[in-house]
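# Overview (structure and organization)
In case you want the letters, here they are:
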Amino acid sequence: MNLTRRGLLAAGTAAGAGLLLPRSGAWAESGPGSSGSLPRSPAFRPFQRELFVPPTLAPVAPFAATCDFAGADRGQPITYYQLTQRRGVTEIIPGLQTEIWGYDGLYPGPTIRTRINEPVVVRQVNALDTELSVHLHGAHALSGSDGFPNDFIFPGQSRDYCYPNVPAAQDLTDSFNTAWYHDHAMDITGENVYRGLAAFYLVSNVFEDALIAQRKLPGRAFELPLVLQDKRLNADGSLFFNPFQHDGFLGDVMVVNGRAQPFVRVQRRKYRLRILNGANARHFGLRLSTGATFLHFGEDSWLLPRALARNYVLLGMANRVDLLVDFRNAPNEVFLENVLVQNEGRGPEGTVLAPRLKVPGTPLLKFIVEGPTQPDDATLQPGDPVQPDTPILPGEIVATRTWEFERRQGAWVINDKFFDPDRVDARPRLNTAERWILKNGGGGWWHPVHIHLEAMEIQRFNGRAPPPEWASKKDTVILGPNDVAEVFIRFRDFRGRYVMHCHNLEHEDMRMMTRWDVV
Ligand SMILES: [Cu+2]
């Protein structure tokens, strides 16, 4: 499949896709791109199976790592992990066996829990028959460990990833918190992630510690990491995926932590929900079925400066939200619902700031609320400080660059160019800040734009101040049709190759990506 997708790109057009044959078993009998003949997933009764919570990965004995921290580990003791990427079998739909590709054969993969300024080495072993590259999304990562798209781990080989887990420039207000690791191999990221290569990487810091110690946030026992995805299954339970569908893959089964519409038992107290949109091309607009207000205190990799009262959150692909939900006075059943209307890979209906919503929406996860009410639990209030932000000031800006995201020849370009890992499109200087103008060229397409290495700080969205949840740090900003985001970004600590790309994984694989080097 990867060779055929590459052949397609070499031919300079996607129009010949129908002439190329996919790898056997990659998808069902329907013709290339014929959305009308997509298989419908087998029917099932939702909310019969319990939520799967991925295990926390245990460290291994130290080994001689082949990666280079370049001093970024600051001499701190290093924790070592090892993961083997291999096939596994799971039940996405009850009663049907589905083969997945997983970190240690698990989908989602094991959660890595670490701490800011505590260096980690992860040895990734490739026991699959495809090329891999691992990106730690939302981290301040060394170039050689960032999962550059053609820094491949070939089948049968391994690669060591060095994560110093430092906040940029040792500024603790830059401490990242909810990151995730997922595949980033050139041209085939969409299929690799779709088949299961995604997991949480959670990094505690002093601000989070203080909130938990002060009982403003719940501790680990009342925290649920949730990755939302959509899948499509063939009648035999195998995953359907069409590598020649370049608009953006949409499934017809809503999956939370690898299981279709599960349930979870919760007590009558407050819970922290760390939600990740891990889908290829589906955006999620989330509400509780009760319509209840919750607190939104983390966005992408960073805790927000202050807690916000919300009753709706929007997640483009790769976006994360950290929410505090109060079940104390809830009815016995509450659903987390997707209320965003999206029927095509190109994006949801409506606009980013005024999406078209359906209420009631599609229930994703059922909370079964039980037991007596816990009084005085997790006292975080709207407006309370969470993690301070040190904004980038206009006086720090040394350059302005404009990046336009558009469709060309059935594939995707940034500033009229397809991704080429050997072409450097920008060379920002170490320890400077720049203004980047991110523009969606239109055509009805949505592009969640992800920048590696550093947070972007959105100054303007379509010429106006961004909504408060987008006003501090972000690693992925959704650009709806014709949207323009003006962002400030710094380039600190690490030189080398990095990328920016659309996180619609089909757009990314069809070259909506650009390489820039910190020099
Ligand atoms: Cu896109």
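Residues numbered from 1 in each chain as written. Predicted model: local features only at pLDDT ≥ 70, side-chain atom pairs only at ≥ 80, totals over all residues. Heavy atoms only, no water.

### Quick look at the overall build of the protein
As a reminder, the rule being used: Every helix listed is a DSSP run of H or I at least four residues long, and every strand listed is a run of E at least two residues long, numbered separately from the N terminus. Values of the radius of gyration come from C-alpha atoms, whereas the globule rule sets the reference at 2.2 Å times the count of residues to the power 0.38. In this scheme, a residue with accessible area under 20% of its type's maximum is buried, one over 50% is exposed, and one in between is partly exposed, where area comes from a 1.4 Å probe on protein chains only. Contacts are assigned to residue pairs with any non-hydrogen atoms lying within 4.5 Å of each other.
Each helix and strand in the protein was counted, giving four helices and 29 strands. A globule of 519 residues ought to have a C-alpha radius of gyration of about 24 Å, and the protein, at 22 Å, matches this closely. Taking the principal axes of the C-alpha coordinates as reference, the protein spans close to 65 × 55 × 50 Å. Within the span of the protein, comprising 519 residues, buried residues form 62% of the whole. Across the protein, every contact between residues at least 6 apart in sequence was considered, and the portion connecting residues at least 24 apart equals 79%.

### Points about the sheet that holds strand S2 (residues 98-103)
Inclusion rule: For two strands to be treated as a pair, DSSP must find no fewer than two bridges joining them. In this analysis an axis means a line fitted to C-alpha atoms, helices contributing only their contacting stretch, and an angle means the value between N-to-C directions, from 0 to 180 degrees.
One open sheet holds the four strands; their spatial order is S2-S1-S4-S6, and the pairing between them is mixed. On the outer flanks of this sheet lie S2 and strand S6 (158-163), each paired with one strand and no other. If you compare each strand with its neighbour and ignore which way they point, the axes differ by 20 degrees on average. Note: strand S4 (residues 120-126) against S6, six bridges, orientation antiparallel. In the strand pairing of S6, Arg-123 is matched with Asp-160.

### Regarding the coordination of the copper ion
What counts is decided by this rule: The rule for donors is simple: an N, O or S atom within 2.8 Å of the metal counts, and for Na, K and Ca the reach is 3.2 Å. Water is not among the atoms, so a site may look short of donors.
Within the first shell, the copper ion binds the protein through His-447 (ND1), Cys-502 (SG) and His-507 (ND1), at distances of 2.0 to 2.1 Å. All donors of the copper ion come from a single chain, and their spacing in sequence reads H-x54-C-x4-H. Within this pair, whereas His-447 is found in strand S24 (residues 447-451), its partner His-507 is found in helix H4 (residues 505-509), the two being separated by 60 residues in sequence. Assigned by exposure class, His-447 and His-507 land together as buried.

### As for the sheet that holds strand S10 (residues 253-256)
On the basis of which strands lie adjacent, the open sheet formed by seven strands has the order S11-S10-S9-S13-S18-S15-S16 and mixed pairing. Both outer strands of the open sheet, strand S11 (259-260) and strand S16 (302-310), are each paired with one neighbouring strand and no more. Alignment of strand S15 (residues 294-299) against S16, held across five bridges, turns out to be antiparallel. In the strand pairing of S16, Phe-294 is matched with Arg-310.

### Considerations on the domain arrangement of the protein
Put simply, the rule reads: These domain boundaries are the output of an automatic or database domain assignment. The quantity reported as buried area is the accessible area (1.4 Å probe) lost by two parts once they are put together, taken as the sum for both. Salt bridges are defined by distance alone: a side-chain nitrogen of Lys or Arg within 4 Å of a carboxyl oxygen of Asp or Glu. Polar contact is the term for a pair of N or O atoms within 3.5 Å; when the atoms are in protein, one must be able to donate a hydrogen and the other to accept it, and sequence-neighboring residues count only if both atoms are side-chain atoms. As a working rule, the residues Ala, Val, Leu, Ile, Met, Phe, Trp, Tyr, Cys and Pro are called nonpolar, Asp, Glu, Lys and Arg charged, and the rest polar, with Gly in that last group.
You can read the domains of the protein as domain 1 (52-204), domain 2 (211-373) and domain 3 (394-518). For domain 1 and domain 2, the distance between their C-alpha centroids amounts to 23 Å. Domain 1 puts 33 residues into the contact, and the matching count from domain 2 is 38 residues. Buried area between domain 1 and domain 2, summed over both chains or domains, comes out near 3000 Å², and the portion from carbon and sulfur atoms is 58%. On the domain 1 side of the interface with domain 2, the three residues burying the most area are Ile-92, Tyr-194 and Phe-200, jointly 25% of the side's total. Put simply, domain 1 and domain 2 have one salt bridge between them. One can count 18 residue pairs in polar contact (both at pLDDT 80 or more) joining domain 1 with domain 2. A class-by-class count of the residues in the side of domain 1 that touches domain 2 yields 18 nonpolar, nine polar and six charged.

### Remarks on the state of the cysteines
By definition, a disulfide links the sulfur atoms of two cysteine residues through a covalent bond. Worth spelling out the cut-off: The criterion for a disulfide is a pair of cysteine sulfur atoms lying within 2.5 Å.
With the rule as written, the count across this model stands at one disulfide. A sulfur-sulfur separation of 1.9 Å characterises the disulfide bridge that pairs Cys-67 with Cys-162. An S-S torsion of about 80 degrees defines the bridge between Cys-67 and Cys-162 as right-handed. Residue Cys-67 is located in the loop between helix H1 (2-10) and strand S1 (79-90), and its partner Cys-162 is located in strand S6; the two are separated by 95 residues in the primary sequence. As far as burial versus exposure is concerned, Cys-67 and Cys-162 are alike and both buried.

### Focus: the nonpolar core
The nonpolar side chains of a soluble globular protein tend to be buried with one another. Convention followed: Definition of nonpolar core: a set of buried residues of the types Ala, Val, Leu, Ile, Met, Phe, Trp, Tyr and Cys, connected through side-chain atoms within 4.5 Å.
One finds Trp-403, Phe-405, Trp-436, Leu-438, Val-477, Met-500 and Trp-516 to be the most contacted residues of the largest nonpolar core, which totals 47 residues. The element that contributes the greatest number of residues to this core is strand S27 (residues 484-491), accounting for four residues. Apart from the residues within four sequence positions on either side, Trp-403 is in contact with Ile-414, Asn-415, Asp-425, Ala-426, Trp-436, Ile-437, Leu-438, Lys-439, Met-500 and Thr-514.

### Notes on the packing of aromatic side chains
Here is the rule: Between 30 and 60 degrees the pair is tilted, below 30 it is stacked and above 60 it is edge-to-face, where a pair is any two Phe, Tyr or Trp rings, Trp via its six-membered ring, whose centres lie within 6.5 Å.
According to the stated counting rule, one finds 20 aromatic pairs in the structure shown. Both rings, one in Tyr-163 and one in Tyr-201, keep their centres 5.6 Å apart while their planes meet at 75 degrees; by these two values the pair is edge-to-face. Linking Tyr-163 in strand S6 with Tyr-201 in strand S8 (residues 198-204), this pair joins segments that are 38 residues apart in sequence. The pair formed by Tyr-163 and Tyr-201 is uniform in burial state, with each residue classed as buried.

### Side note on unusual backbone geometry
Along the chain, Tyr-107 connects to Pro-108 via a cis peptide bond; the corresponding omega equals -10 degrees. Mapped onto the elements of the fold, Pro-108 is located in the loop between S2 and strand S3 (112-115). At Asp-104, a position not held by glycine, the phi torsion is positive, near 60 degrees. Mapped onto the fold, Asp-104 is located in the loop between S2 and S3. In this model, Gln-170 sits at a positive phi of 60 degrees, which is unusual for a non-glycine residue.

### Some points on the side chain of His-296
Here His-296 shows up in strand S15. For His-296, a relative accessible area of 1% gives the class buried. There is a polar contact of 3.0 Å between the side chain of His-296 and the side chain of Glu-299. There is a polar contact of 3.0 Å between the side chain of His-296 and the side chain of Arg-310. Among all residues touching His-296, those that are not within four sequence positions of it are Leu-304, Arg-306, Ala-307, Leu-308, Arg-310, Val-313, Val-321, Asp-322, Leu-323 and Glu-469.

### Section: the confidence of the model for the protein
As a general rule, the predicted coordinates of low-pLDDT regions are not to be interpreted in detail. Here is the rule: Looking at any residue, its pLDDT shows the predictor's confidence there, from 0 to 100.
On average, residues of the protein carry a pLDDT of 93, and 93% of them reach 70 or more. Scored below 50 in pLDDT, residues 10-35 makes 42 contacts in the model with residues more than four places away or belonging to other chains.

### Digging into the pattern of salt bridges
Per the counting criterion, the structure on display carries 44 salt bridges. Across the salt bridge formed by Glu-223 and Arg-272, the nearest N and O atoms sit 4.0 Å from each other. With Glu-223 in strand S9 (residues 223-231) and Arg-272 in strand S13 (residues 270-277), this residue pair connects regions lying 49 residues apart in the sequence. An identical accessibility class is assigned to Glu-223 and Arg-272; each is buried. For Asp-252, the salt bridge goes to Arg-232, with nearest N and O atoms at 3.6 Å. Of this pair, Asp-252 sits in the loop between S9 and S10 while Arg-232 sits in the loop between S9 and S10, and the two are 20 residues apart along the sequence. When its relative accessible area of 35% is taken as the criterion, Asp-252 is described as partly exposed. Because the salt bridges share partners, they merge into one network encompassing Arg-113, Glu-208, Arg-220, Glu-223, Arg-272, Arg-274 and Asp-322.

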